[in-house]
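# A look at the structure
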Amino acid sequence: MANFETVEVSTDLLIIGGGMSACGAAVEAAYWAKKHGLKVTLVDKAAMDRSGAVAMGLSAINLYIGQAAGDNTVEDYVRYVRQDLMGITREDLVYSIARHVDSTVHLFEKWGLPIWKDENGKYVHEGRWQIMINGESYKIIVAEAAKNALNALGPDNIYERVFIVEPLMDGDRCVGAVGFSVRENKFYVFKAKAVLVGMGGAVHVFRPRSTGEGLGRSWYPPFNTGSSAYFTLKAGAEMTCQEVRFIPVRFKDAYGPVGAWFLLFKSVATNALGEDYMKTHPDVLEQYAPYGLTKPIPANLRNHLGLIDERAGKGPIYMRTEEAIQRLAQEMPDEKQRKKKLKELEAEAWEDFLDMTISQALLWAATNTFPEEKPSEIAACEPYFIGSHSGASGAWVSGPEDIAPAEYQWGYTNMSTVKGLFCAGDASGASSHKFSSGSFTEGRIAAKSAIRFIVENNEEPKVDAAQVEELKARILKPLDTFEQYKGMTTDPDVNPNYIRPKQFMFRLQKLMDEYAGGVSKSFTTNKYLLEKGLELLEMLKEDSEKLAAENLHELMRCWENVHRMWQAEAHIRSVLFREETRWPGYYIRADFPNLDEENWKCFVNCRWDRNTGQWEVFKRPVISIID
Ligand code: FAD
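Residues numbered from 1 in each chain as written. Predicted model: local features only at pLDDT ≥ 70, side-chain atom pairs only at ≥ 80, totals over all residues. Heavy atoms only, no water.

### Section: the UniProt feature "coiled-coil region" (unreviewed entry) in the protein
Under the UniProt annotation, "coiled-coil region" (unreviewed entry) lies at residues 318-345. The distance from the first to the last C-alpha atom of residues 318-345 is 19 Å, and the span holds 75% helix and 7% strand. (UniProt positions renumbered as here; feature names shortened; annotations may be inferred. Helix = DSSP H or I, 4+ residues; strand = E, 2+ residues; numbered from the N terminus.)

### Let's talk about the site of the ligand
With respect to spatial proximity, 34 residues lie near the ligand, and among them S21, D44, A60, S388 and S436 are the closest. One of the backbone N or O atoms of N62 is found 3.0 Å from an oxygen atom in the ligand. Look at the ligand: alone it shows 990 Å² of surface, and the protein chains cover 97% of it. (Near = heavy atom within 4 Å. Polar contact = N/O pair within 3.5 Å; in protein donor to acceptor, adjacent residues only side chain to side chain. Areas by Shrake-Rupley, 256 points an atom, 1.4 Å probe, with all protein chains shown as cover.)

### Let's talk about the packing of helix α1 (residues 20-36) against helix α4 (residues 138-153)
Orientation of α1 relative to α4, taken along the N-to-C sense of each, is 25°, at an axis distance of 9 Å. Here α1 is positioned roughly parallel relative to α4, judged by the angle of their axes. Where α1 crosses over α4, the handedness of that crossing is left-handed. Listed contacts from α4 to M20, C23, A26, V27, A30, A33 and K34 of α1 are Y138, K139, V142, A143, A145, A146, A149, L150 and L153. (Axes fitted to C-alpha atoms, helices over the stretch in contact; angles between N-to-C directions. Parallel < 35°, antiparallel > 145°, perpendicular 65-115°, else oblique. Left-handed = near helix turned anticlockwise from the far one by under 90°. Contact = heavy atoms within 4.5 Å.)

### Observations regarding the sheet that holds strand β16 (residues 394-395)
Pairing in this open sheet of 4 strands is antiparallel, and the strands run β16-β11-β20-β21 from one edge to the other. Looking at the sheet topology across the chains shown, the edges are occupied by β16 and β21 (615-621). Sheet strands touched by helix α16 (residues 552-577): β20 (602-608) and β21. Its angle to β21, the strand with the most contacts, is close to 55°. (Pairing = 2+ DSSP bridges.)

### Quick look at the sheet that holds strand β14 (residues 317-319)
Reading across the sheet, the 4 strands line up as β12-β15-β14-β13 and stay open at both edges, with antiparallel pairing between neighbours. In this open sheet, the two edge strands, each paired with only one partner strand, are β12 (249-251) and β13 (269-270). Note: β13 against β14, 2 bridges, orientation antiparallel. Counterpart to T270 in the pairing with β14 is Y318.

### Topic: the side chain of R250
Mapped onto the elements of the fold, R250 is located in strand β12. Buried within the structure, R250 lacks any salt-bridge partner; its nearest side chain of opposite charge belongs to D352, at an N-O separation of 9.0 Å. Every residue in contact with R250, bar those within four places of it in the chain, is listed here: W219, Y255, G256, P257, V258, E377, I378, A379, C381 and H389. (Buried < 20%, exposed > 50% of the residue type's maximum accessible area, 1.4 Å probe, protein only. Lys, Arg positive; Asp, Glu negative; His and termini not counted. Salt bridge = Lys/Arg side-chain N within 4 Å of Asp/Glu carboxyl O.)

### A short note on the domain arrangement of the protein
Entries for the protein in the domain assignment read domain 1 (254-380) and domain 2 (465-619). Between domain 1 and domain 2, the C-alpha centre-to-centre distance is 35 Å. Taken together, the 13 residues of domain 1 in the interface contact 14 residues of domain 2. Interface of domain 1 and domain 2: buried area, both sides summed, is about 1,100 Å²; carbon and sulfur atoms make up 55% of it. Counting across the domain 1 and domain 2 interface gives 0 salt bridges. (Domains from an automatic or database assignment. Buried area = accessible area lost by both parts, 1.4 Å probe.)

### Topic: the UniProt feature "domain: FAD-dependent oxidoreductase 2 FAD-binding" (unreviewed entry) in the protein
With numbering aligned to this structure, UniProt lists the feature "domain: FAD-dependent oxidoreductase 2 FAD-binding" (unreviewed entry) at residues 12-248. Span residues 12-248 is 30% helix and 19% strand, its end C-alpha atoms 39 Å apart.

Laid out in structure tokens, this is it:
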């Protein structure tokens, strides 16, 4: 076996991930841990300052209720999320996040995040729930607060550049995690009394649109690869909404954000003939009643309407930036002010990209695009798994004691169905539209609850040494495989004894694209394709035993792809199980093209059995707590 030092770390609460939910968890856990004399340890595969989906910065905080000012109510937000997810949402979880989220945003501001204000000192809204920020350094500011909180508890509480692979189990309780450093030959064993998963969602499970030099470019940053789903599945946790992928419509090829255009600039999108596809398909909206007939129209239905035009050969689809800018400038009373406004709008348009998707600004520059003069193409991206945004995939977690119906409440808040295993952000399912602020808030909620769990279940974790040795051998095996066989061919990429992670990823992506309804199939699939996909996935799984890594970086790539593969399987199984089309702009089941409220207004949950290795997919009821 490759020569690796084993480093053992014992702690009370282990937070895995260093993104928004993990930072929220760190801040909150540190507060409660101090009161109880507990230790909190955080481990991130990257460096917290720039890790996770917020790495590049954001231009808006997408969830702010404005409760104190009476702008909105928590109930309004729950209704909005329920509508956007076509009725399928855990209202108790959404409610719980929404009622606390404003305090999180106020903390961000206190820590130095610049939030736009109007002349009366009120936050500038992009839309009803979104507020504008100068967010290039958003993640650095949030990570600094988390690091300060953990450092105040004691030294050596933060491990960066350590990739977590597997859970450690003591019977049915999760008691830690194992992984490896991506910089030095060290294998890490973290033993803990409770574990909080915040490893984000998954990208590059489906083949991306990008090719050539741009290969890998996607809307979702490349860092999150299904580790949350893999970890929770392998621990035996029940999962939910694994079929609810997210497909954003974004500026084509560089994936720039559209929120500011639609919401702040009130821009419209049209097909190439200038038709507003939101207005030309009332019959389709009717078909998806009641959701299609209620405002705001759910994101997936908006996608669907644009895709109908694209399929009918009416593309490209354009964001009418030039019309929006000229219209807003024309609203000014005189020529001088119109010119000034035009300059301001241009600056805001570019800044929006520079704050969070710099490459879109580069693409505009490279294609001589002046947004005030000509429209820009938008397109549906490839599918992603991001339960904190407009997708919903994640673990099935226990709801808050005071509001969750009995069916949704079996233990500590945000604990999965596995004892001691807590989830937040993309890792927890059926509570979409948390976004950055809500994920941080859910991290806080989950961490407070995890500390309570530790205080009330304060037993030392029992970790079987044989389990650790077996995991170490299995996790490092790709390095050994490469060493053993690399000399057998002249080209190290082509070898009958192993598969390198990049080729493995291409195979997974091709399979998902063609059988599970990716871009090349216009997001359409059916029972036969899905079954064939599962068959091929089974063979890919067999070949995953032959993954080979030349170095630590490739070792990470190997495990990222195994994690993606499990996310893929949970997805295919759930899409196959749900015999209807509920989110047509995310995927269409061609064999069940309609919405079926009678039989399918329910959650689709799944579980992988740790003892038998069998999958179960089943229904759970949707229970409303708000009118
Ligand atoms: P993340 O913040 O992504 O953190 C995941 C963490 O897990 C990272 O630290 C990563 O390094 C770590 N990790 C992953 N795998 C491993 C592993 N195996 N071992 C150890 N660590 C691991 N929200 C808004 O409010 N406004 C916006 O405008 C907005 N725009 C967005 C645009 C894009 C392109 C995306 C993708 C998201 C956007 N969001 C926005 C949503 C917001 O970014 C997410 O809701 C939030 O980041 C989710 O938090 P999280 O902690 O679940 O995941």
